[in-house]
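# Breakdown of the fold
These are the residues of each chain, in order.
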Amino acid sequence: MNAAQPIVLHARGDTELARRLRKAVAGSVLFDAASRGRYSTDASIYQIEPLGVLVPSNDDDVAAAMDVCRELRVPVLARGAGSSQCGQTVGAALVIDHSKHIRRVLDFDRDAMTVTVEPGLVLDALNAYLRPHGLWFPVDVSTSAQATLGGMAGNNSCGSRSIAYGNMVHNVCAIDARLADGTTARFGTAAEMAGAPPRVRELVGRLAAIGARERDAIEANVPKVMRRVGGYNVDVFHPQSERPYTRDGTLNYAHLLVGSEGTLAWTRSLTLQLARLPAHRALGVVNFPSLYRAMECAQSIVKLAPSAVELVDRTMIGLARGNPAFRPIVDGALIGEPEAILLTEFIGDSSDAPARKLDDLVALMADLGLPGSVVRMTDAGAQKALWDVRKAGLNIMMSMRGDGKPVSFIEDCAVPLEHLAQYVDRLTQVFAKHGTRGTWYAHASVGTLHVRPILDMRRDGAAKMRAIAEEASAMVREYKGAYSGEHGDGLVRSEWVAWQFGPRLARAFDEVKDLFDPDRLMNPGKIVRPTKMDDASLFRYPPGYRTLPLATALDWSAWNVDNDPVTDTLTAPGTGGDPAGGFAKAVEMCNNNGHCRKFDAGTMCPSYRVTRDEEHLTRGRANTLRLALAGRFGDDFASEPVRAALDLCVSCKGCRRDCPTGVDMAKMKIEFLYHWQRAHGLPLKDRAIASMPRWAPWAARLPWLANLRDTMPGAAQLSEAIAGLSAKRTLPRFRRDAFLRDGALPQDSAADAVLFVDTFTNYFEPDNARAALDVLQAAGYRVHVARPSAQDAEPSRPLCCGRTFLAGGLVDDAKREARRMLAALGPHVERGATVVGLEPSCLLTLRDEFLSMGFGEAAQRLSQQALLVEEFLARESRAGRLRLPLARLPQKRALVHGHCHQKAFDAIAPTLAVLKLVPDLAVDAIESSCCGMAGSFGYEAAHYDVSMRMAELALLPAVRAAAADTLIVADGTSCRHQIADGTRANGRRQAMHAVQVLARAVRAARSNEGATR
Ligand SMILES: Cc1cc2nc3c(=O)[nH]c(=O)nc-3n(C[C@H](O)[C@H](O)[C@H](O)COP(=O)(O)OP(=O)(O)OC[C@H]3O[C@@H](n4cnc5c(N)ncnc54)[C@H](O)[C@@H]3O)c2cc1C
Ligand code: SF4
Ligand code: SF4
């Protein structure tokens, strides 16, 4: 076998590998086309299908799998979050994903400030663990919410504050590794290596000999900048980095493994050096008249010893100011109209030290000819808000529509600070020459400015990539910088390793690889013996990339556009040439950055939070859809792998809000289900649930019959056996006194507020609608209760937003309902009335899906005037118009769980705001994701467990911990049901709609008034 070539097994070999693995390991062995497809990409432009995937249960599984692979001569590829930008984690190998199970903290020494962790632990999870001890691991990569410590070590990752703390290599004390031949050893200091097994002692001796032999080549060719992460760290033997790898200058063999991209050994655990959490921070925002001046001044600013100096250029400032939420924050940091700003952070143990540094910064800028250019920010909240804007600016840039995308290949070249200004200037001209442009941001402190030129890899992107790379690399060489200063080599830059380090060191790297991994089974093709960066056969979107034609049910034309990289303009909707009408391009917005793996606040992604499976992750779903549209599962888009991947998506719309590129999986699921039900039909149970608005009026007339399932012994079990509805659930109960059957509901053609009462509120909880009417009228508003228009074909059937039809993929039926709504509400909208609703998932359909149904202006106008009742009241309150008499309640605290759609549309803050109008009521939001009920999802026997586990992540523990007299508030019908079900065993808690709390306070005010009369 030629060891240089990646090994590709034929079908029989795959089967043999899978069979052997299934016998040897307890973890999941995934060899189906969809799983392999989901692991064929990372955050790079590449795509290579792995031979198979193993999600090991523990380290023994990894050992057993590596044994099998060795025997079958199959390559092994370690993977954490797969957020690498250079293609490090794609390859024709057995991919071993350690992020699900291998993520424990093994040891923590508070005094020594060290921690030993398994490779799958995520940085944010580690820092959450350390925070109570006043410590943190300070390599603060932007992907901290998903990046694993194993992956960070693999790539020698670097954070925004590397000027103060260094890269991974400066913070790893030891690595417990497994070599390809199965030998395990702890790689650390020379003294630690003395106790290693003979195979490793011999290895170390030969490595040292290479180090000694190559001393002059190391000194001549390893860039002296701190931000150098390419090649192997052979400079451990003769330190070249401007920041020494170890504090005492001694040799640490773990540092040879750091940055080796899984090509030398498997990392079993890592011992990390921790830092104290800074007690105080201050931020100075320096405003510059030109990007050039900003870059020129960076070298002087770093002499003040800041902990970060981050650039935000004019384009990003503009993008951020375009967002109403960010505008005031950005404006607070600007002086006039700067072309660039540098966010300069100082830290210290007392508040004085950073404040003094800010004074120094102000004085320095005056000396440099820019007096009055610094905005001082000492308030922690303001600082955090600005850092968030800096992150969001990048996200906006990445959400560019069209086939031209910002491509990462020279994104992290590092040049010495004295050359930074010239480098930026010249590279900008190079981009212009090649008909593109880039937006500059990030780490000015260490000469690593991020920039991604916009290229279309389906057309001429590869040629431009090569041409720009050649010119950029020539400049990097001229300035004695590092071609890879942060993101590593992978597929895009391994070709450049020999160029950067010279032929002698490249040969030495080959020797290093052979000493560790003579059979070349560890992540072949990275760092040594690489493929070409522009080998189009490895691209995710190669030239000529085509997708299946699809007649979509929803309107995706806004994505079906082309962009002009120079002018930053988009062509008209529908002109992008997507045979799937823009749906394929919407799916392709996922760039695999993996942010949906986060576990912090926010909603995205509840099913992943429960399963930790790539399949049940927004990214996994987008990739599955992309593969289906590319015909990888056959000619039929409505294929089983997509159905399976979407099965646990609860359509919470968390991704719509939290995904940096706005991937809206809930909407994509509707589109898919439309095609699925047309191809495969809809089971009777799903059809019955979807069409509930049509039969609900009859059920309400005979509620005893409709509710029989929960009153007749054995009926629930029967419903599980026949219809798949979980017997562990009760169903919502139909009420005879449906709100819309009330006799004298206000009908007012000049009303301020048009109350839309949805199916759930009307039939299951009509008292909520009565409470809303009471509150609105108590505040003095004229209210009209929405009814079907006079021309409606079913004038006696209540209006409906179509949500249940959408959930079943019955888009045509949903459109019929939407038309009825538009006909009934249109005249009120035309005269400026506000449409007010109670159930978030129903009301917000008017602001979301209605806009994708082809109703044009009418739907647009309705969407702009449709508000949840609390949003309406909060708006009125902000405008100083709200006159709502509210008195204090016996309860002193309200705990609010926001419905996912409420959160996705930023509609939770108004709920909190209006509840706070109740005198002496303390109002807190529960940091929860989806409640897990999600329409009919949680009622289904097949989903019951997942549903309850979602609720147990945060919501139910918070509710159980609340004092008995705390009001539990939840606007969603299903959320309230889930809370009641989930607390059944411990003194059932009944949550209420926010408007019920307000109605109680109104009644209290009335009775106070009555008492004083
Ligand atoms: C939007 C965005 C922003 C980013 N920002 C930064 C940033 O600020 N700083 C930065 O440095 N990087 C950044 N990156 C790159 C990337 O997120 C980091 O390199 C991250 O640390 C990778 O972690 P991961 O868990 O995704 O590793 P993966 O991508 O899964 O793996 C990284 C490498 O480590 C190897 N590896 C993983 N586990 C093991 C193991 N157990 N044994 C041996 N080898 C292993 C893999 O084979 C691979 O070569 C960014 C990427 C994106 C998409
Ligand atoms: S779905 Fe969004 S957050 Fe997840 S990887 Fe794709 S782009 Fe990133
Ligand atoms: S809609 Fe919710 S469950 Fe579905 S992918 Fe998005 S975040 Fe995950």
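In short, a report on the structure. (Residues numbered from 1 in each chain as written. Chains lettered and ligands numbered in written order. Predicted model: local features only at pLDDT ≥ 70, side-chain atom pairs only at ≥ 80, totals over all residues. Heavy atoms only, no water.)

### Some details on helix 12 (residues 314-321)
The line we're drawing: Whether a residue is buried, partly exposed or exposed follows from its accessible area with a 1.4 Å probe, protein chains only, as a fraction of its type maximum: under 20%, in between, or over 50%, in that order. By definition, any uninterrupted DSSP run of H or I lasting at least four residues is a helix, any uninterrupted run of E lasting at least two residues is a strand, and each is numbered from the N terminus. In this context, the arc is that of the directions from the helix axis out to the C-beta atoms. We define a polar contact as two N or O atoms separated by no more than 3.5 Å, with the added condition that, inside protein, one atom must be a possible hydrogen donor and the other a possible acceptor, whereas residues neighbouring each other in sequence contribute only through side-chain atom pairs.
Considered for burial, the residues of helix 12 that qualify are M316, I317 and A320. Seen end-on, helix 12 carries its buried residues on one side only, within an arc spanning 105°. The backbone nitrogen of T315 lies 3.1 Å from a side-chain oxygen of the residue at the head of helix 12, namely D313.

### Quick word on the packing of helix 34 (residues 811-830) against helix 36 (residues 856-864)
Note the cut-off: Here an axis means a line fitted to C-alpha atoms, over the contact stretch when the element is a helix, while the angle between two N-to-C directions is reported on a 0 to 180 degree scale. Oblique is the label for every angle not falling under 35 degrees (roughly parallel), over 145 degrees (roughly antiparallel), or within 65 to 115 degrees (roughly perpendicular). Here a crossing is called left-handed whenever its near helix is offset anticlockwise from the far helix by less than a right angle, and right-handed whenever the offset is clockwise. Only heavy atoms matter for contacts: two residues are in contact if any of them lie within 4.5 Å across the pair. In this classification, the charged set is Asp, Glu, Lys and Arg, the nonpolar set is Ala, Val, Leu, Ile, Met, Phe, Trp, Tyr, Cys and Pro, and all remaining amino acids, among them Gly, are polar.
At a minimum axis distance of 10 Å, the contact between helix 34 and helix 36 shows a crossing angle of 65°. What the angle tells us is that helix 34 and helix 36 run roughly perpendicular. Along this stretch, helix 34 crosses helix 36, giving a crossing that reads as left-handed. Taking contact as the criterion, the partners of L822, L825, V829 and E830 in helix 34 are, on helix 36, A858, A859, R861 and L862. Split by residue class, the contact of helix 34 with helix 36 holds six nonpolar, no polar and two charged.

### Let's talk about the site of ligand 2
Stated formally: When we say a residue is near a molecule or strand, we mean one of its heavy atoms is within 4 Å of it.
For ligand 2, the full set of nearby residues is C590, N591, N592, N593, G594, H595, C596, T618, R619, C659, P660 and T661. The class makeup of the residues in the shell around ligand 2 is four nonpolar, seven polar and one charged.

### A look at the site of ligand 1
Note the cut-off: Each accessible area is a Shrake-Rupley result for a 1.4 Å probe, and residues are judged covered by the shown protein chains and nothing else.
Around ligand 1, the surrounding shell holds 35 residues, and the nearest of these are A78, G80, S83, S84 and C158. With respect to ligand 1, the side chain of S84 contributes an N or O atom lying 2.6 Å from an oxygen atom. For ligand 1, a nitrogen atom lies 3.0 Å from a polar atom in the side chain of E486. The fraction of the free accessible surface of ligand 1 (980 Å²) that becomes covered by protein chains is 97%. Where the shell around ligand 1 is concerned, the elements lending two or more residues are strand 3 (76-79), helix 5 (149-155) and strand 10 (266-273). When residues in the shell around ligand 1 are grouped by element, the largest group, five residues, is from helix 5. A class-by-class count of the residues in the shell around ligand 1 yields eleven nonpolar, 21 polar and three charged.

### Comments concerning the sheet that holds strand 22 (residues 753-756)
Quick reminder of the rule: When DSSP finds two or more bridges between two strands, those strands count as paired.
Sheet architecture is open: four strands sit in the order 23-22-24-25, paired in parallel fashion. The open sheet terminates on both sides in strands that have one partner only, identified here as strand 23 (783-785) and strand 25 (866-868). In this sheet, adjacent strand axes meet at a mean angle of 35° when their direction is disregarded. Looking at chain direction, strand 22 and strand 24 (residues 834-837) are connected through four bridges and run parallel. Residue pairing for strand 24: V754 is matched across the bridge by V835. Packed onto the sheet, helix 32 (residues 766-778) meets strand 22, strand 23 and strand 24 and runs at close to 170° relative to strand 22. Where helix 34 meets the sheet, its contacts fall on strand 22, strand 23 and strand 24, and the angle it forms with strand 22 comes to roughly 165°.

### Focus: the packing of helix 11 (residues 291-301) against helix 14 (residues 352-367)
For the pair helix 11 and helix 14, the least separation of the axes is 11 Å and the interaxial angle reads 130°. Overall, the two elements helix 11 and helix 14 adopt an arrangement that is oblique. The hand of the helix 11/helix 14 crossing is right-handed. Two secondary-structure elements touch here, helix 11 through C297, S300 and I301 and helix 14 through L361, L364 and M365. Across the contact of helix 11 with helix 14, the residue classes tally to five nonpolar, one polar and no charged.

### Considering unusual backbone geometry
Here M604 and C605 are connected by a cis peptide whose omega angle stands at -10°. Its identity as a non-glycine residue notwithstanding, K480 has a phi of 55°, on the positive side. Within the fold, K480 resides in the loop between helix 17 (461-478) and helix 18 (490-493). When its relative accessible area of 64% is taken as the criterion, K480 is described as exposed. At D906, a position not held by glycine, the phi torsion is positive, near 55°. D906 sits in the exposed class, given a relative accessible area of 52%.

### Comments concerning the packing of aromatic side chains
To be explicit about the condition: Geometry of aromatic contacts follows a simple scheme: Phe, Tyr and Trp rings, the Trp one being its six-membered ring, pair when their centres are within 6.5 Å, and the pair is stacked under 30 degrees between planes, edge-to-face over 60, tilted otherwise.
For the coordinates displayed, the defined rule picks out 24 aromatic pairs. Between F583 and F637, the ring centres sit 5.8 Å apart and the planes meet at 85°, which makes this aromatic pair edge-to-face. Taken as a pair, F583 in helix 20 (residues 583-587) and F637 in the loop between helix 22 (618-629) and helix 23 (640-647) lie far apart in primary sequence, 54 residues in all. Like F583, the residue F637 is buried in the burial classification.

### Here we look at the nonpolar core
Quick note on the threshold: Nine residue types can take part in a nonpolar core, namely buried Ala, Val, Leu, Ile, Met, Phe, Trp, Tyr and Cys, and a core is a set of them joined through side-chain atoms within 4.5 Å.
If you look at the biggest cluster of nonpolar residues, it comprises 84 residues, and the most contacted ones within it are F583, F637, M665, M668, V835 and L846. When residues in this core are grouped by element, the largest group, eight residues, is from helix 34. Judged by nonpolar contacts, the second largest core, of 62 residues, contains L291, L364, A472 and W496.

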